[in-house]
Amino acid sequence: MRRTSGWIVRVLCLCASLTASAPNYPEDDELIPDLMGEERTGAEPGAEPGAETGAEPGAELIRCNKALKLPHIHYIEEDSAIFAQSIPWNLQRLLQPQGGTSENRTYRPPNDGRNTEVYLMDGSVHSSHREVEGRVVITDFNSVPEEDGLRIHRQASRCSSHGTHIVGVVSGSDSGVAPGAGVKLVRVLDCQGRGTVSGALAGLEYVRAELLTRPAEAVVVLLPFVGAFSRALNAACRGAVAYGAVVVAAAGNHRDDACLYSPASEPEVITIGAINSADQLMSQGAGGSNYGRCVDLFAPGDDIVSASSDCSTCFTSSSGTSQAAAHAAGIASVILSSNQNVSPVQVLQMMLHHSIRNTIHFLSLSETHQLITPNLVAAMPSAYSSEAELLCRSVWSEMSRAEQVVSRCRLGEEMMSCSSYSPDGVPAGDTITVNSRGMECVAHNGPEGKGVYAVARCCVIGGLQCQVHTSPTPGQEAERVGPQRHLSGCASRSSADFLSDSRPHHGDRKHCIVKDGSTSHAACCHAPSLECKVLEKISVGKDQVEVSCPTGWTLTDCKTVSQGWALVGPGVTGNSCRFDGITAAGITAGIAVCCHVRPPLH
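Bear in mind the structure is a predicted one, so any value in this text is a computation, not a measurement. (Residues numbered from 1 in each chain as written. Predicted model: local features only at pLDDT ≥ 70, side-chain atom pairs only at ≥ 80, totals over all residues. Heavy atoms only, no water.)

## Looking at the overall build of the protein chain
Each helix and strand in the protein chain was counted, giving 9 helices and 35 strands. Counting contacts in the protein chain only where the partners sit at least 6 residues apart, residues at least 24 apart contribute 75% of the total. Within the structure as shown, the protein chain displays about 26900 Å² of accessible surface, and the carbon and sulfur contribution to it stands at 50%. (Helix = DSSP H or I, 4+ residues; strand = E, 2+ residues; numbered from the N terminus. Contact = heavy atoms within 4.5 Å. Areas by Shrake-Rupley, 256 points an atom, 1.4 Å probe, with all protein chains shown as cover.)

Right, dumping it as structure tokens:
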């Protein structure tokens, strides 16, 4: 049989389509307020607004049309991505505490998040994509800057690229963290990924009005954008949390301190940074993941495969803290679907409790930022215990060279202790004060100090209530008041501006021991079946001391007492009290207060 001489040649044309020549987002998860003044890249100097570089799409189409006239070419197809069919690295990472995969080497969370509503404030979404079809509602809200019609035409598929990718990470059938969660789109970004603070404020007000009209027990608000610091935007986010929404925000892609941006800097928001598969901070050209004390934890945000807006079965890979925030929103959805009665701050505490600790490489950060940036990677809880568990976290203030600096807990948390840390080892102590905003942890700078941090230990459990009791006069001990309250932490300040040691004592008379001239403050807490105890470990002639709470107990206070001068580390490390770099000769004691809720008798 003779082979036909005609060959069928299929060419994947790499020419740009109308949409392929569209400029990239200036910052994948950046909201640019009108007053921010950032210039977009991609336009020649002096070009008119909206001008683009590169060849016109028409020229590329002409070349493609000419190619069709060549012999043996039957059709031309735009190049697209293909992917190996295995569980993606980012979903494996979420299940790392359970070995990386569920049974049959698939991603299977404890539930699919179907009892949670996620409000996504983004651009457009390709809602008929196979990954999310039937689970996305496009609301009638639309508040974006005026867009150029020609630019929109050229970027037809790009208009929904960011939003489609994000919604796929949250609830995609194959790429999603919570594949059953419903998503409602609130459009605040245009086709270039731009929006305004006023548009975001209006979007948050729309969500609030929706929840007042149709209350939902489990709500997550996802903010995959960032802009310059805005008190107004932060206040609006704080209001959303106050009416029960779990608000998750991207830390930003500027390789900078997240506290300089909004909504990432709002303390009531769960702010998420991004890492890559090698447990390094996500890098994106000259930028990369933001960091610092305003970041609550990190999540996968590099080379994330999710839904593409190019077609209903297309996928693409993208990177950014928007993707990382989407992972956290998915985890929050799973947690809320299992227990819709938990508060936003309880969701945060659960995420922190189940996170993977001390795996991120922070070598690119300064020593200051390595100290205050949480080394926590989000992970999926394997199951939920019906028994109450005391959950605590450390809240750092900014470093201040002023006389004092303050750290506060979030709405719904109780402060169980307060401490101070100075990198040069010259703090003047710490105090716990109470005002209309609640309890505050105040750190005092020493006379020769070069800066000090206040570190509050903030905790949650049902029925937890804490009070502070101050010693009547300097040198006297602050005591627990009432048998139902437990001493959970001590703070002290010296009237002579020298380092004052204060330590809890749980003998017959639970109190805070202080030196002469120091005022002590006892944090005393009550919750049903709460128990606390003091653990102490002595170090003789060593440069390190560490004492850990036993399994089932939670660290609420961490102190060190030394015979001489000591330069020590920050103290709390996970559920342990650890001090490094001790320079004093003699004996040093590490002291930890550990509390838990007594398990019920069966």
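## Here's the deal with the state of the cysteines
If you walk through the whole model with that rule in mind, you get 10 disulfides. A sulfur-sulfur separation of 2.0 Å characterises the disulfide bridge that pairs C418 with C441. Looking along the S-S bond of the C418-C441 disulfide, the torsion reads about 70 degrees, which is the right-handed sense. Placement of the pair is C418 in strand β20 (residues 414–421) and C441 in strand β22 (residues 438–445), with a sequence separation of 23 residues. Since its relative accessible area comes to 0%, C418 is described here as buried. (Disulfide = S-S within 2.5 Å. Buried < 20%, exposed > 50% of the residue type's maximum accessible area, 1.4 Å probe, protein only.)

## Regarding the packing of aromatic side chains
One pair of aromatic rings is described through two measures. These are the centre distance and the angle between the planes. Scanning all chains against the criterion turns up 5 aromatic pairs. Centroid distance F141 to Y206: 5.3 Å. Interplanar angle 40 degrees. Geometry classified as tilted. Taken together, the residues span a long stretch of sequence, with F141 in strand β4 (residues 136–142) and Y206 in helix α5 (residues 197–213) at a distance of 65 residues. Each of the two residues, F141 as well as Y206, counts as buried. A centroid spacing of 6.1 Å and a plane angle of 75 degrees characterise the contact between W396 and Y421, whose relative ring orientation is edge-to-face. Taken together, the residues span a long stretch of sequence, with W396 in strand β18 (residues 391–396) and Y421 in strand β20 at a distance of 25 residues. Pair check on accessibility: W396 and Y421 agree, each one buried. Aromatic ring contacts, followed pair by pair, group W396, Y421 and Y453 into a single cluster. Across from the ring centre of W553, 4.2 Å away, lies the NZ or CZ of K533, which sits over that ring. (Phe/Tyr/Trp six-rings, centres within 6.5 Å; stacked < 30°, edge-to-face > 60°. Lys NZ or Arg CZ within 6 Å of the ring centre and 35° of its normal.)

## Brief notes about empty space enclosed by the protein
Counted according to the given criterion, the structure contains 3 cavities of 30 Å³ or more. Looking at the largest cavity, its volume works out to about 70 Å³. Every residue along the wall of the largest cavity is listed here: S394, S417, S419, V455, A456, R457, L555, T556, D557, C558 and V572. Put simply, the parts of the chain that give the lining of the largest cavity at least two residues each are β20, β23 (453–460) and β32 (554–562). Tallied by class, residues from the lining of the largest cavity come to 5 nonpolar, 4 polar and 2 charged. (1 Å grid on protein atoms, 1.4 Å probe; cavity = no way out; pocket = protein on both sides within 12 Å on 5 of 7 lines; lining within 4 Å. Points joined across faces, edges and corners; volume = space filled by probe spheres on them. Nonpolar A, V, L, I, M, F, W, Y, C, P; charged D, E, K, R; others polar.)

## A short note on the sheet that holds β23
Read across the sheet, 3 strands follow the order β18-β23-β20 without closing on themselves; strand pairing throughout is antiparallel. Since the sheet does not close on itself, it has two edges, and those belong to β18 and β20, each with one partner. The average angle at which neighbouring strand axes cross in this sheet is 20 degrees, direction not considered. Where helix α8 (residues 344–353) meets the sheet, its contacts fall on β18 and β23, and the angle it forms with β18 comes to roughly 95 degrees. (Pairing = 2+ DSSP bridges. Axes fitted to C-alpha atoms, helices over the stretch in contact; angles between N-to-C directions.)

## Here's the deal with the nonpolar core
Note that soluble globular proteins tend to have their nonpolar side chains buried in a common cluster. L222, V248, I272 and M351 are the most contacted members of the largest nonpolar core, which totals 55 residues. In terms of residue count, helix α7 (residues 321–338) provides more of this core than any other element does, 10 residues in total. Excluding residues that lie within four positions of it along the chain, L222 makes contacts with V118, Y119, L120, M121, I166, V170, V248, A325, A326 and A329. If you look at the next biggest cluster of nonpolar residues, it comprises 30 residues, including C409, I432, L464 and A523. (Core = buried A, V, L, I, M, F, W, Y, C linked by side-chain atoms within 4.5 Å.)

## Some thoughts on the side chain of H327
With respect to the element layout, H327 can be found in helix α7. Contact partners of H327, with chain neighbours within four places excluded, come to N90, L94, V169, V177, A299, P300 and I304.

## Notes on helix α6 (residues 231–242)
With 12 residues, α6 extends 16 Å from end C-alpha to end C-alpha; this agrees with the ideal 16 Å at 1.5 Å per step. What α6 keeps buried is the set L233, N234, C237, A240 and V241. Seen from one end, α6 has its buried residues packed into an arc of 115 degrees, which puts them on one side. For α6, exposure combined with an orientation more than 90 degrees from the buried face picks out R231 and A242. In this structure, the buried side of α6 is in contact with α5, β6 (219–223), β8 (246–250), β9 (261–262) and α8. Of the residues one or two after α6, G244 is the one with positive phi, at around 105 degrees. (Expected span 1.5 Å × (residues − 1). Arc of directions from axis to C-beta.)

## Let's talk about the environment of A378
With respect to the helices and strands, the residue A378 is situated in the loop between β17 (376–377) and β18. Once the C-alpha coordinates of A378 and I356 are considered, the two residues, 22 residues apart in sequence, prove to be 6.5 Å apart. Ignoring anything within four residues of it in the chain, the contact list for A378 reads L94, L297, F298, A299, I331 and S355.

## A closer look at the pattern of salt bridges
Across all of its chains, the model carries 15 salt bridges by this definition. Three or more residues joined by partner-sharing salt bridges are found here, namely E117, K184, E210 and R214. (Salt bridge = Lys/Arg side-chain N within 4 Å of Asp/Glu carboxyl O.)

## Things to note about the packing of helix α4 (residues 161–171) against α7
It is at 8 Å that the axes of α4 and α7 come closest, and there the two elements cross at 35 degrees. Once α4 is placed against α7, the crossing between them reads as right-handed. When α4 is examined against α7, the residues H162, H165, I166, V169 and V170 are found in contact with a partner set consisting of S322, Q323, A326, H327 and G330. When grouped by side-chain class, the residues that make up the contact of α4 with α7 number 4 nonpolar, 6 polar and no charged. (Left-handed = near helix turned anticlockwise from the far one by under 90°.)

Note that every value here comes from positions in space, so none of it alone points to a role or purpose.
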